[in-house]
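Architecture at a glance
If you want the building blocks of each chain, they are given just below.
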Amino acid sequence: MASVVAGMLLVAAAPTHAQAAAQPAGASPACPGDNGGISLSAGFCATVFADRLGHPRHLAVAPNGVVYVNTWSGRYYHYDTPPPCGFLIALQDTTGNGRADKIVRFGPTQAEGNAGGTGIAIYNGYLYAETNDRIVRYRLPTSGIAPTTAPETVVSGLPLTGDHPMHPFAIDHQGNLYVDLGSATNSCQSENRMPNVPGENPCPELETRAGIWRYDANRIGQHFSPAERFVTGLRNGEGISFDSAGRIFATQHGRDQLGQNWPKLYSLRQSADLPAEELVQLHKGADFGWPECYYDGFQHRLVLAPEYGGDGGKAVGICAEKDAPVAAFPAHWAPNDMLIYEGAQFPSAYKDGAFIAFHGSWNRAPEPQGGYNVVFQPLADGKPSGPFVVFADGFAGKYMEPGRAAHRPTGLAVGPDGALYIADDKGGRIWRVTYQGANKAAGIAPAAPATAATAAATSGNALPPEGVHPNAGAGPLPIPPGASPDQVALGERIFRGEAGNGTCAGCHGTDGKGTPMGSDLTSGHSLWGDGSVPAITRTIADGVQHPKQHTGVMPPMGGARLSQAELAAVADYVWAIGHRQALSGSRQ
């Protein structure tokens with residue numbers, strides 16, 4: 001049952017489609033000055049369309065300008081409590097100021113066994129949405145903004161296990177429903193993300209995962225099976241879109257942990273920069289190479305993966321027969337959505353080009369993390385017509401890492417007026433981006449670099465330009481029995497990637513408070529062992545192949561090449577941050 005979001009303004013019943021189209025929602029509001037805390041290419045401005053919505057993933061905009069968003073929950077978000085009512089949200093700006101003043105949740109709730117989803121689309125008078133293992137559709141309302149009729153199930157039985165349990169999708173003008181089914185593992189090893197484990201050959205996942213499946217959006221009651229596979233070898237293709245000529249494009253999340261899993265073949269620096277993220281063009285029967293191959297953005301070619309006999313990037317082998325990408329982007333940036341722009345509001349140079357929302361990296365440690373932006377890749381006749389530019393930046397705020405970033409781009413949609421909507425699943429925000437420049441013939445230009453003021457506005461915290469150490473104000477760390485302050489200090493530097501090529505912060509955050517990939521080490525609660533230094537040492541040395549509460553598999557030593565002295569130092573530091581809370585409490 002639909003309900004107005006708690007804490008939002010109660011509003012009168014929404015207008016009909018015809019009435020809404022006549023209202024000023026299509027007008028472009030004056031640029032507010034701070035662009036909602038992000039920096040944009042020249043001539044563009046943004047408003048915060050809505051905020052604190054939970055975990056918004058993908059977006060769709062109806063012909064009358066109503067924005068629909070799918071939100072997600074569960075293990076990826078540390079099983080936090082979602083906002084009350086349904087996971088689907090309808091939003092409308094009835095005043096033309098670029099901000100939604102009507103926000104209504106609908107659909108099944110957590111109490112009804114729902115966990116939300118990512119995929120959402122509008123086609124032929126229906127709203128389609130992913131929910132758990134299925135895609136359902138709601139008839140768009142003739143009054144109000146939220147559907148009131150019961151949903152119909154279009155496809156059911158989609159796989160929910162493994163590393164990529166979401167089901168993003170897109171629908172073309174002919175009613176073809178293209179569904180991404182990401183891989184269950186990183187590289188089809190029998191022991192996922194563990195060092196020196198070869199890949200299964202043939203990879204059994206390719207029957208039911210790691211590709212795009214095609215269904216009929218006009219039929220209900222369809223069931224998942226291997227028979228509907230459209231393309232294969234796509235590890236995780238979360239963004240799917242179509243250009244004006246009907247070409248189908250998708251993004252590709254490149255595989256992780258080359259250096260951590262194959263230390264004799266790759267340095268950790270190489271692992272941070274390989275493989276490239278991809279934009280690919282789909283056609284029936286295409287094979288983009290996963291798990292046997294990955295795309296090397298420096299060599300501009302697909303090369304053989306180490307799990308399948310690769311030698312560190314020189315051998316090509318079977319990869320010569322696979323489909324190469326249209327364009328490539330920096331490693332591990334995580335393209336979570338992609339939109340071919342067909343609107344009329346932006347300058348003509350943006351027509352038929354691809355906006356890509358990069359969620360941001362976690363496994364570039366010990367190098368700095370990257371992404372957390374929206375880029376634009378110009379295309380002409382389906383091919384790159386120039387290099388990509390960062391179109392919108394500054395989402396992460398002061399801390400460009402998954403656990404501490406203020407916002408992480410996840411979804412893109414365009415309204416009937418040509419405005420671009422950007423969703424974020426960390427802070428729960430949606431931006432509405434419009435073009436305010438006078439020159440519709442303007443070329444493509446990158447966004448200005450995010451300033452300290454922009455970062456502060458994005459994160460919601462005014463911070464000094466030099467930043468704040470994650471331990472600031474917390475008092476001295478406790479020292480475990482038999483250790484020394486110098487030992488704990490060395491462990492902290494290794495943990496944060498400042499010494500020993502440590503990789504811990506990638507999954508646990510530089511503050512140790514956890515990310516979707518790794519647990520909170522500061523809570524004082526131990527998931528493995530009794531929390532003693534010897535138990536922590538064993539966990540780090542052995543790795544964690546089957547996480548209990550998080551998505552990240554930890555290889556031994558976190559994939560770093562730690563000496564026994566460095567291992568001992570990291571264990572002491574982890575013990576110290578886990579006992580800081582108890583020490584602080586004893587002083588109160």
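Here we summarise the structure given alongside this text.

Rules used in this analysis
The residue count restarts for each chain, going from 1 along the sequence in the order it is written. In keeping with the model being predicted, local features are shown solely for residues with a pLDDT of at least 70 and side-chain atom pairs are shown and tallied solely at 80 or more, while totals for entire chains, interfaces and linings include all residues. Side-chain metrics rest on all non-hydrogen atoms present in the structure, leaving aside hydrogens and water. Points on a 1 Å grid, built from protein atoms alone, make a cavity when a 1.4 Å probe fits but cannot get out and make a pocket when they are open with protein on both sides within 12 Å along at least 5 of 7 lines; residues with an atom within 4 Å of a point are the lining residues. Grid points are joined across faces, edges and corners, and a volume is the space filled by probe spheres set on the points. Numbering of helices and strands starts at the N terminus; helices are DSSP runs of H or I of at least 4 residues and strands are runs of E of at least 2. Three classes are used, and their members are as follows: Ala, Val, Leu, Ile, Met, Phe, Trp, Tyr, Cys and Pro are nonpolar, Asp, Glu, Lys and Arg are charged, and the others, Gly among them, are polar. Whether two strands pair comes down to DSSP finding at least two bridges between them. The angle between two axes is taken between their N-to-C directions and runs from 0 to 180 degrees, where each axis is a line fitted to C-alpha atoms and a helix contributes only its stretch in contact. Here, the term disulfide refers to a pair of cysteine sulfur atoms separated by no more than 2.5 Å. Here's how the labels work: a residue is buried when its accessible area is under 20% of the maximum for its type, exposed when over 50%, partly exposed in between, all with a 1.4 Å probe on protein chains only. Side-chain atoms within 4.5 Å link the members of a nonpolar core, which is a set of buried Ala, Val, Leu, Ile, Met, Phe, Trp, Tyr and Cys residues. Note on definitions: a residue-residue contact is assigned when non-hydrogen atoms from the two residues lie within 4.5 Å. By the counting scheme adopted, Arg and Lys are positive, Glu and Asp are negative, and His together with the chain ends is not counted. Think of a salt bridge as a Lys or Arg side-chain nitrogen and an Asp or Glu carboxyl oxygen that are within 4 Å of each other. Here a polar contact means two N or O atoms within 3.5 Å. Within protein one must be a hydrogen donor candidate and the other an acceptor candidate, and residues neighboring in sequence count only if both atoms are side-chain atoms.

One pass over the full model with this rule turns up 2 cavities of 30 Å³ or more. The volume enclosed by the largest cavity comes to roughly 70 Å³. Taken together, 15 residues make up the lining of the largest cavity; nearest its centre are Gln-252, Glu-278, Cys-293, Tyr-294 and Tyr-295. With 3 residues, the single largest contributor to the lining of the largest cavity is strand 20 (residues 293-296). Residue composition of the lining of the largest cavity, by class: 8 nonpolar, 4 polar and 3 charged. In this structure, the second largest cavity encloses a volume near 40 Å³.

The pairing of strands in a sheet comes from backbone hydrogen bonds and takes either a parallel or an antiparallel form. Spatial strand order, 12-13-14-16: 4 strands in an open sheet with antiparallel pairing. Each of the sheet's edge strands pairs with one partner strand only, and the pair in question is strand 12 (169-171) and strand 16 (229-232). Between one strand axis and the next, the sheet turns by 20° as a mean value, whatever way the strands run. As paired elements, strand 12 and strand 13 (residues 176-181) share 3 bridges and run antiparallel to each other. Across the sheet, residue Phe-169 finds its bridge partner in strand 13, namely Val-179.

Counted according to the given criterion, the structure contains 2 disulfides. Across a sulfur-sulfur distance of 2.1 Å, Cys-188 and Cys-203 are joined as a disulfide pair. When the S-S torsion is 100°, as for the bridge of Cys-188 with Cys-203, the disulfide is right-handed. Of this pair, Cys-188 sits in the loop between strand 13 and strand 14 (211-216) while Cys-203 is found in the loop between strand 13 and strand 14, placing the two residues 15 residues apart along the sequence. Assessed through its relative accessible area of 7%, Cys-203 is described here as buried. Two residues share a disulfide in this structure: Cys-293 and Cys-319, whose sulfurs sit 2.1 Å from each other. Here Cys-293 and Cys-319 share a disulfide; its torsion about the S-S bond, -100°, makes the bridge left-handed. With Cys-293 in strand 20 and Cys-319 in the loop between strand 21 (301-304) and strand 22 (327-329), the pair connects residues that are 26 residues apart, well separated along the chain. The exposure class assigned to Cys-319 is buried, which follows from its relative accessible area of 3%. Disulfide connectivity for the protein chain, with bonded cysteines indexed by sequence position, reads 1-2, 3-4. As a non-bridged cysteine, Cys-504 has Cys-507 as the owner of its nearest cysteine sulfur, 9.1 Å distant.

If you trace the backbone, Leu-140 turns up in the loop between strand 10 (134-139) and strand 11 (152-156). Exposure remark for Leu-140: the relative accessible area of 11% places this residue in the buried category.

Another aspect to go through is the nonpolar core. Core analysis: the biggest nonpolar cluster contains 23 residues, and Phe-346, Phe-355, Val-374 and Phe-391 have the highest contact counts within it. Among the elements of the structure, strand 3 (44-50), strand 24 (354-358), strand 25 (373-377), strand 28 (389-393), strand 30 (420-424) and strand 31 (430-435) are those that each provide at least two residues to this core. Apart from the residues within four sequence positions on either side, Phe-355 is in contact with Asp-337, Met-338, Leu-339, Tyr-341, Phe-346, Tyr-350, Val-374, Val-375, Phe-376, Phe-391, Leu-412 and Leu-420. If you look at the next biggest cluster of nonpolar residues, it comprises 19 residues, including Ile-494, Met-557, Ala-560 and Tyr-573.

What follows concerns the side chain of Glu-205. Relative to the assigned elements, Glu-205 resides in the loop between strand 13 and strand 14. One buried charged residue, Glu-205, forms no salt bridge at all, with the nearest opposite charge on Arg-209 at 5.5 Å. Among the polar contacts made by the side chain of Glu-205, one reaches the main-chain amide nitrogen of Ala-184 at a distance of 2.7 Å. Discounting chain neighbours no more than four positions away, the residues touching Glu-205 are Ser-183, Ala-184, Thr-185, Cys-188 and Trp-290.

Shape descriptors only; they carry no functional weight alone.
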